[in-house]
Every structure is written in structure tokens, then in C-alpha cells.
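Descriptive structure summary
Below, each chain spelled out in residue letters.
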Amino acid sequence: MIGITSVNVEKSKLDFYHLLIIINHVKQVKFIFVTGGVLSSLGKGIATASIGLLLKSRGLKVTLQKFDPYINVDPGTMSPFQHGEVFVTDDGAETDLDLGHYERFIDVSLSQDNNLTAGQIYNAVIEKERRGDYLGKTVQVVPHITDEIKERVWRLANRDGVDVVITEIGGTVGDIEGLPFLEAIRQFGLEAGRENVIYVHLTLIPYIKAAREFKTKPTQHSVRELRAIGIQPDFILCRSESRLPRSAKEKISLFCNVPYEQVIDAVDVDNIYEIPLVFHEQHLDDLIVRRLKIECHDPDLSEWRRFVERANNAKEEVNIAVCGKYVNLRDAYKSIIEALHHAATANGVRLKINWIETDEITDLDQDLKGSSGILVPGGFGVRGIEGKIAVIEYARRKQIPFFGICLGLQCAVIEFARHVCGLEDANSAEFDPETRYPVIDFMPEQRDLKRYGGTMRLGAWPCRITPGSLAWRCYGQELIHERHRHRYEVNNEYRDTLAQAGMVFSGINPDRNLVEIIELKDHPFFIGTQFHPEFKSRPLRPHPIFFHFVKNAIEKAKGHPGKAHS
Ligand code: GLN
């Protein structure tokens, strides 16, 4: 049966699941699973994305997938303090921030199927059980949960022309929650054929100063745990302060049963975009394609390398104030930070962020000293709102380049309504449901929706841009698609009042007549977007609004602010 030896498929039981496997055997899709050991936050997402980039630059069609072992159905309702940024895909999935790294590194749009949580898996299995799909059998972690997990990998492999699926397992080996996922990927090796599957394990090799030694024991333990589950890693990526000495690598090789050259340094770097180059130097991509017997050309990393060099060599600095309420938790603003980096690099400067906690502002002159651009990011809830409004008033009056994203746009509208249109105490219905002037409000059709989940405008929506506007000069086109994640909108009842006072609505959603972009007439660079442009910025293709915002901030610092040039 088309060369399947490792799976026992009875003809009578040829269901959807086994059909997927058969198709894959014909297509010879290859699989890479990435696990993490010792502790979290080692940069597993970036390592995974880097492997993706290396294979993509060899001409392979790669897709990346993240499994999150928590029970939440998606991170949409999780606090940014716990989970960091919620990354939004074109199809409106609220996903783990690692998907942001994947998109930035391999430059493709991912979807709902690229991020799965234990919650979604259990949900699907329980739904099937309720429907009677299991024909009265006892529903168990093995095989029902593990089958569901494996099916999600097979499904991705069936996408158009995919050559390699890379799946990252969230969490750390040894976590109770992660066990069904590890068991599933072990079984997967058996089903897909071990020659088509690679296991990569990322661990930490701490350097103990007193002993002047890199310590490999935690890695040995972590790999022992993996092997106890039945997974023998093919590659070990060693996160460490500096390159490991030969002796440490030899020890890891011997005790973890991994060939010496497949023990790879994942040394700390200042610039995350260097990681693919660090791996490539050690032939990681070459070893992977040889092991998987993939025929492809050598990678072309020239553009990527130029980007990294440009970023590392930039001397001049641009200082941008980012004014939010999760500023101590940088992960909450991951995509914004990256988008600013891309824009700064494209402008040939180095980015310095002046983090402003908007509920702790005392003296704006002092706090914003040295910043030549002000960015107010998205967010939820009332804390810090008055501080954001004060910052925006400052940017408007002092003619400092301003960029408001989602909540940042909403605060800019409130500020303008209050201080320019004279609508005293104007507010968003989110912060003051009784306000006399709800300039930001639910749309009428949303008002009856009571459930907290499911009421957001999510994912990519079209936006038509007014020719000649600042937005138009940035984008250089009239129809764009950008990603959303919010409940409230600019209240159309106030559009005339705001427009008469000098606010420009330069981007409108054509289907529902919703405000997507605002600008100010008498300001060199003042722009707000209801969507989140940061999700679509890429190292080699910086987002045009970020690019022009940073460009104007540089010009402001030099004393001659100008408008965007297309
Ligand atoms: N809290 C606002 C809303 O729900 C803005 C959301 C955001 O900034 N992402 O509309």
C-alpha cells in the first residue's frame, strides 16, 4: 500500500486520518519537531523560525506550527502580563506571539491551523465524543487526544505544495501538560517513518563562573527525560552565553547519544535575526536536508545578511517614546518593537525606545525629553488612559511625529474631541459607559452581544485610502488589508464635528463604513490606525507607516520635520 510499512491500515478502516497519512507518503513531506528543555524563555520560537528561514532560503516550501500545552482555547482572553502579546493572523486567529516570529522570519501569512492549544484539542475530542463519533469507546489521552494532535500536523502537511512542516512544542520537557504532545510526536515518527522526521531539542548550558565551566548536566537530564518518553533527539541546540568548548560538546554528544556535529551552539546574540546565520555557519541546514534526504540548492542568505549587517552597523540613533501600560513586560509589545526595528534599520539608524508607563507620568517635558517620535500602542481597560491622552495632546501641540495604534487611535480621537472640538469629557464607551460624548463606541449591531468572547473585530479587513493623504503617501496605494483586534470603533455620529475641526479620516472600511485611519491637517506627521500594522512588518519589508514614522522622527530630531515621501 504505497510503501507504508510503519502504519497498519486495514482497508475497511480507511478513514480521513489514514487518508491524510497516505497522501503524505506520496508527497514525501518532511517533519521537524522542536522541543525545549531545562527552562522556558530560551528562544525556542526564534530557533524554530530560524530553521524555517534556512530551509525556505533553500527553495523549500515551509510551514510552521506551534502547539501550546495550556488548556485555554486561545490566548485571546489571557492577560498580556501572563502571556505577552496576542498575535493576530489574517484569518482572525488570536495566537501565541511565536507565530509573529514565524511570520517575520519566513515571510508568509499563517492561519488558525498554525497554532493549537491543548484546550482546542480537548474541545475537538469532546465534541466528537458528544456526537458519538467514537462509537461508545472509552475516550482516552492515548489514542484519542494524541490522534487529534497528530491529525493537526498531517492537515498542515496537506496544504498546497508544502515540503516541510516544522512544529514547535510549547513549554519544557518534564511539564505534565506537555506529555500528550510529546507522546503524539513520538507516535508521529513511527507513522511518518523515522527517515522523514527530525527531533530538535533546545536546552540551556549554564556557565558557572566559580568553576569556569559550562555545565551539561541539566541538558543530560532533559534529554534523558525525552528518551524515557521514546524520543531520541537528532539535534541539540545549546543556548549558552558564548560558544561551547569542544569538550562540553563532546560530553553532550556522548551522554545524549547525538553525533558531535549535530550538537549546535545557539549562542546569545544582540540581534535575533543573526540566529539563522549562527546556525548556518555550523551547517545546521545542510545536516537537516542531508538527514531528511531532501534535494535542494544551497541557501541564498545574502539579503538577510545585508539586513543584519545594516542593523548591526547603524551608528546614528532614533529615540522613540512608546507610551503604554505594559511597558515593564516587553513581550506585550513584541511586534511593535520588531516593526520599529525593521523601520529603523531600513532608515539606517539604531532604535532606542523610551518606555513611558502612562499611569506614572508626572512631567511630560522631562519624560519625553530626547524622543523625536511618540507611539501609543493598543491595549484594553481604563488604566493609563488619561496619561495616553496627555501624551497625545503633547505630540499634537508640539508637532512631534505621532503614531497611534488601535487604542492609540481611539485616545487621539478622544483628545481631539475634548481639546479641539470642545466636547468636554468626551470618552470611549469602554472607559465611561455614561459619557455624554461617546466618540468611541460599540457599533449599533454589536450592542446586543453580551458574551465577552466573540465580539471583536478580528483579522484582515480591507481599507480604502484617500488619495493625497498622509496614509496614501505612506502606502502608495488605495486599497490595503490590515489586521484588527478590537471591540470599539470611531462613532460615525461624530465624524462631521471632528472633520470640521481638522481631523482627516483618510482610511475607511468600504463594506461597513468604519474609520480605519485618522490624520490631522495641521501637523507634520500625526496618524492613527484602528488596525495593528505591526503584525505585517517584516525585516526585509518594513511596514510603510512605521518606515515613514521613523523617517519623520529622524527629520524632527535634525530640526526639519517633513511629510511622508512616497
Ligand atoms: N480596547 C479597545 C477596543 O477594544 C482597543 C483595543 C486594542 O487596542 N487592540 O476597541
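Quick summary incoming for the structure in this document. (Residues numbered from 1 in each chain as written. Predicted model: local features only at pLDDT ≥ 70, side-chain atom pairs only at ≥ 80, totals over all residues. Heavy atoms only, no water.)

A tally of helices and strands in the protein yields 19 helices and 23 strands. Oriented by its inertia axes, the alpha-carbon framework of the protein measures out at about 75 × 60 × 45 Å. Residue pairs in contact within the protein that sit at least 24 positions apart in sequence constitute 73% of those at least 6 positions apart. When the accessible surface of the protein is totalled, it reaches about 23900 Å², and 50% of it is carbon and sulfur. (Helix = DSSP H or I, 4+ residues; strand = E, 2+ residues; numbered from the N terminus. Contact = heavy atoms within 4.5 Å. Areas by Shrake-Rupley, 256 points an atom, 1.4 Å probe, with all protein chains shown as cover.)

With that settled, the discussion passes to the environment of Asp107. Along the chain, Asp107 turns up in the loop between α4 (98-106) and β5 (115-117). The exposure class of Asp107 is partly exposed, given its relative accessible area of 30%. In sequence terms Asp107 and Lys536 are 429 residues apart; their C-alpha atoms lie 9.1 Å from each other. If we skip the residues at most four places from it in the chain, Asp107 touches Lys56, Tyr102, Arg538 and Arg541. At 3.1 Å, the side chain of Asp107 and the side chain of Arg538 are in polar contact. A polar side-chain atom of Asp107 sits 2.6 Å from a polar atom in the side chain of Arg541. (Buried < 20%, exposed > 50% of the residue type's maximum accessible area, 1.4 Å probe, protein only. Polar contact = N/O pair within 3.5 Å; in protein donor to acceptor, adjacent residues only side chain to side chain.)

Turning next to the site of the ligand. Around the ligand lies a shell formed by Gly378, Gly379, Phe380, Cys406, Leu407, Gln410, Glu430, Arg485, His486, Arg487, Tyr488 and His532. Contact between the ligand and Arg485: a nitrogen atom at 2.9 Å from a main-chain N or O atom of the residue. Taken by itself the ligand offers 290 Å² of open surface, and the protein chains cover 99% of this. For the shell around the ligand, the secondary structure elements donating two or more residues are α16 (407-419) and β19 (479-486). The residue makeup of the shell around the ligand, split by class, is 4 nonpolar, 5 polar and 3 charged. (Near = heavy atom within 4 Å. Nonpolar A, V, L, I, M, F, W, Y, C, P; charged D, E, K, R; others polar.)

Looking now at the packing of aromatic side chains. Each aromatic ring pair is summarised here by two numbers: the centre-to-centre distance and the angle between the ring planes. In total, this model carries 19 aromatic pairs according to the counting rule given. Judged by centre distance (5.3 Å) and plane angle (40°), the rings of Phe67 and Phe181 are tilted. Of this pair, Phe67 sits in strand β2 (residues 62-68) while Phe181 sits in helix α7 (residues 179-192); the two residues are 114 residues apart in sequence, bridging distant segments of the chain. Note on Phe67: relative accessible area 0%, which makes it buried. (Phe/Tyr/Trp six-rings, centres within 6.5 Å; stacked < 30°, edge-to-face > 60°.)

Okay, the pairing of β2 next. Across the 7 residues of β2, 7 count as buried, placing the element largely inside the fold. A two-sided burial pattern is seen for β2, the buried positions comprising Val62, Leu64, Lys66 and Asp68 on one face and Thr63, Gln65 and Phe67 on the other. Relative to strand β6 (residues 164-169), β2 is paired through 6 bridges, and the arrangement is parallel. Bridged to Gln65 within β6 is Thr167. (Pairing = 2+ DSSP bridges.)

Let's shift gears to the sheet that holds strand β17 (residues 438-441). What the 3 strands build is an open sheet, ordered β16-β17-β20; its pairing is mixed. This sheet does not close on itself; its edge strands, each paired only once, are β16 (427-428) and β20 (489-490). Bridging between β16 and β17 involves 2 bridges; their strand directions are parallel. Note on β17: the bridge partner recorded for Ser428 is Ile440. Strands β16, β17 and β20 of the sheet are contacted by α16, whose axis makes an angle of about 170° with β17. (Axes fitted to C-alpha atoms, helices over the stretch in contact; angles between N-to-C directions.)

What follows covers the sheet that holds strand β14 (residues 373-376). The strand order across the open sheet built from 9 strands is β13-β12-β14-β15-β23-β22-β21-β18-β19, with neighbouring strands paired in mixed fashion. Here the strands that pair on one side only, and so sit at the sheet edges, are β13 (350-357) and β19. Shown here is a sheet whose adjacent strand axes are inclined to one another by a mean of 25°, direction ignored. Both strand β18 (residues 457-465) and β19 contribute to a ladder of 8 bridges, which runs antiparallel. Its bridge partner being in β19, Arg464 is matched across the sheet by Leu479.

Our next topic: unusual backbone geometry. For the bond from Val142 to Pro143, the omega torsion is 15°, close enough to zero to count as cis. Along the chain, Pro143 falls in helix α6 (residues 141-157). You will see that Val38, though not glycine, has its phi angle at about 75°, which is positive. Structurally, the position occupied by Val38 is in the loop between β1 (30-36) and α2 (44-56). Assessed through its relative accessible area of 31%, Val38 is described here as partly exposed. Despite not being glycine, Gln399 has its phi angle at roughly 60°, a positive value. Classification of Gln399 as partly exposed rests on a relative accessible area of 29%.

We now examine a nonpolar patch on the surface. Taken together, the side chains of Ile71, Tyr122, Ile126, Val141 and Val142 define a hydrophobic patch exposed on the protein surface, amounting to about 430 Å² of accessible area. For the nonpolar patch, the secondary-structure elements that each account for two or more residues are α5 (118-131) and α6. (Patch = residues over 30% accessible without salt bridge, like charges linked within 9 Å, V, L, I, M, F, W, Y side chains within 5 Å. Salt bridge = Lys/Arg side-chain N within 4 Å of Asp/Glu carboxyl O.)

Our next topic: the packing of α6 against α7. Two numbers describe how α6 lies on α7: the axes approach to 9 Å, and their chain directions differ by 65°. Put simply, α6 runs roughly perpendicular to α7. Remark: the crossing between α6 and α7 carries right-handed chirality. For the pair formed by α6 and α7, the contact residues are Val141, Val142, Ile145, Thr146, Asp147, Ile149, Lys150, Val153 and Trp154 on the first element and Pro180, Phe181, Glu183, Ala184, Gln187, Phe188, Glu191 and Ala192 on the second. Looking at the contact of α6 with α7 residue by residue, the class counts come to 11 nonpolar, 2 polar and 4 charged. (Parallel < 35°, antiparallel > 145°, perpendicular 65-115°, else oblique. Left-handed = near helix turned anticlockwise from the far one by under 90°.)

Along helix α9 (residues 246-256), the residues that are buried comprise Ala248, Lys249, Ile252, Ser253 and Cys256. End-on, the buried residues of α9 take up no more than an arc of 135°, which puts them together on one face. Exposed and oriented more than 90 degrees from the buried face of α9 are Arg246, Ser247 and Leu254. (Arc of directions from axis to C-beta.)

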